[in-house]
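This is what each chain is made of:
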Amino acid sequence: MTAWQRDAVSAFIALGANLGDAAATVRRAIDRLAQLPQTQLVAWSPLYASAPVDAQGPDYVNAVAQVRTGLTAPELLKQLAQAELQAGRTRPYHHAPRTLDLDLLLYGDGRIDSPALTVPHPRMAQRAFVLLPLADIAPQRVSPEALRAVAGQAIRRLPG
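Small disclaimer: the values here were computed from a predicted structure and weren't measured.

What counts, and where the lines are drawn
- Residues numbered from 1 in each chain as written.
- Predicted model: local features only at pLDDT ≥ 70, side-chain atom pairs only at ≥ 80, totals over all residues.
- Heavy atoms only, no water.
- Helix = DSSP H or I, 4+ residues; strand = E, 2+ residues; numbered from the N terminus.
- Rg over C-alpha atoms; globule rule 2.2 N^0.38 Å.
- Buried < 20%, exposed > 50% of the residue type's maximum accessible area, 1.4 Å probe, protein only.
- Contact = heavy atoms within 4.5 Å.
- Areas by Shrake-Rupley, 256 points an atom, 1.4 Å probe, with all protein chains shown as cover.
- Lys, Arg positive; Asp, Glu negative; His and termini not counted.
- Charge placed at Lys NZ, Arg CZ, Asp CG, Glu CD.
- Pairing = 2+ DSSP bridges.
- Core = buried A, V, L, I, M, F, W, Y, C linked by side-chain atoms within 4.5 Å.
- Salt bridge = Lys/Arg side-chain N within 4 Å of Asp/Glu carboxyl O.
- Polar contact = N/O pair within 3.5 Å; in protein donor to acceptor, adjacent residues only side chain to side chain.

A. The arrangement of the overall build of the chain in detail. When you go through the chain residue by residue, the secondary structure sums to four helices and eight strands. The secondary structure elements of the chain, listed N-terminal to C-terminal, are β-α-β-β-β-α-β-β-β-α-α-β. Rg of the C-alpha trace for the chain: 15 Å, near the compact-globule value of 15 Å for 160 residues, within the 12% margin. Judged by the C-alpha coordinates and their principal axes, the chain covers about 45 × 35 × 35 Å. Counting across all 160 residues of the chain, residues that qualify as buried make up 47%. Here the contacts in the chain between residues at least 6 apart in sequence split such that 67% fall between residues at least 24 apart. Accessible surface for the chain amounts to roughly 8600 Å². Of this, 53% is attributable to carbon and sulfur atoms. With 16 positive and 13 negative side-chain charges, the chain shows a separation of 1 Å between the mean positions of the two kinds.

B. Region of the structure containing unusual backbone geometry. Each neighbour pair has its own omega, and for Val119 with Pro120 the value is -5°, a cis peptide bond. The topology assignment puts Pro120 in the loop between strand E7 (118-119) and helix H3 (128-137). Positive phi values are uncommon outside glycine, yet Gln38 reaches one of about 55°.

C. A look at the pairing of strand E5 (residues 101-107). Of all the seven residues making up E5, six are buried; the element is thus mostly covered by neighbouring parts of the structure. Bridge count between strand E1 (residues 9-17) and E5: six bridges; the pairing is antiparallel. Note that in E5 the partner of Ala11 across the bridge is Tyr107.

D. Molecular detail of the nonpolar core. Membership of the largest hydrophobic core comes to 31 residues, with the highest contact counts inside it found for Leu15, Val26, Leu33, Leu76, Leu80, Leu102 and Leu104. The set of elements that each furnish at least two residues to this core consists of E1, helix H1 (22-33), strand E4 (60-69), helix H2 (73-86) and E5. Among the elements that line this core, the one with the most residues is H1, at six residues. Once residues lying within four places of it in the same chain are set aside, the contact partners of Leu33 are Ile13, Leu15, Thr39, Leu41, Ala65, Val67 and Leu80.

E. Here's a closer look at the environment of Leu85. Relative to the helices and strands, Leu85 resides in helix H2. Considering only alpha carbons, one finds Leu85 and Thr99, 14 residues apart in sequence, at a separation of 9.2 Å.

F. Structural view of the pattern of salt bridges. Overall, the coordinates contain three salt bridges when judged by the stated rule. Between Asp109 and Arg141 there is a salt bridge whose closest N-O contact spans 3.7 Å. Highlighted residues: Asp109 in the loop between E5 and strand E6 (112-113) and Arg141 in the loop between H3 and helix H4 (144-149), separated in sequence by 32 residues.

G. Representation of the side chain of Asn18 within the structure. Residue position: Asn18 is located in the loop between E1 and H1. A polar contact is formed between the side chain of Asn18 and the backbone oxygen of Pro58, at a distance of 3.0 Å.

Below, the structure written as structure tokens:
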């Protein structure tokens, strides 16, 4: 390891899209995560469909991916924002429909509370579209109580 490298950290990223061919966009974004610098794609969940939460527009296609990365959390967040832009993401208003949304859910066992980033993601425990795919790839990260708390939210696993 050179002086500028750091030990790899396991991070979990939520992926979502509800504009255009959302499933294809999410699949491409998963592939893109494998190409991030100092980052290895470890696992990804099946795709799920869910209605927008606190927003309008078509249903979302969602997934969660796990990476091992040597990037710091702020560096990883910057890479995720670049991937969103490359996928055509615009932010015309709060909770607008999205070509791609990438959220850093967990960064190792770290806790981060800064103006730019909060980890663990502050609303992940309230969202079935995050917890179900996360439980698929990291069941130890999702408690049965958390799954019961979101059991009433409409979500369905997509084929394939």
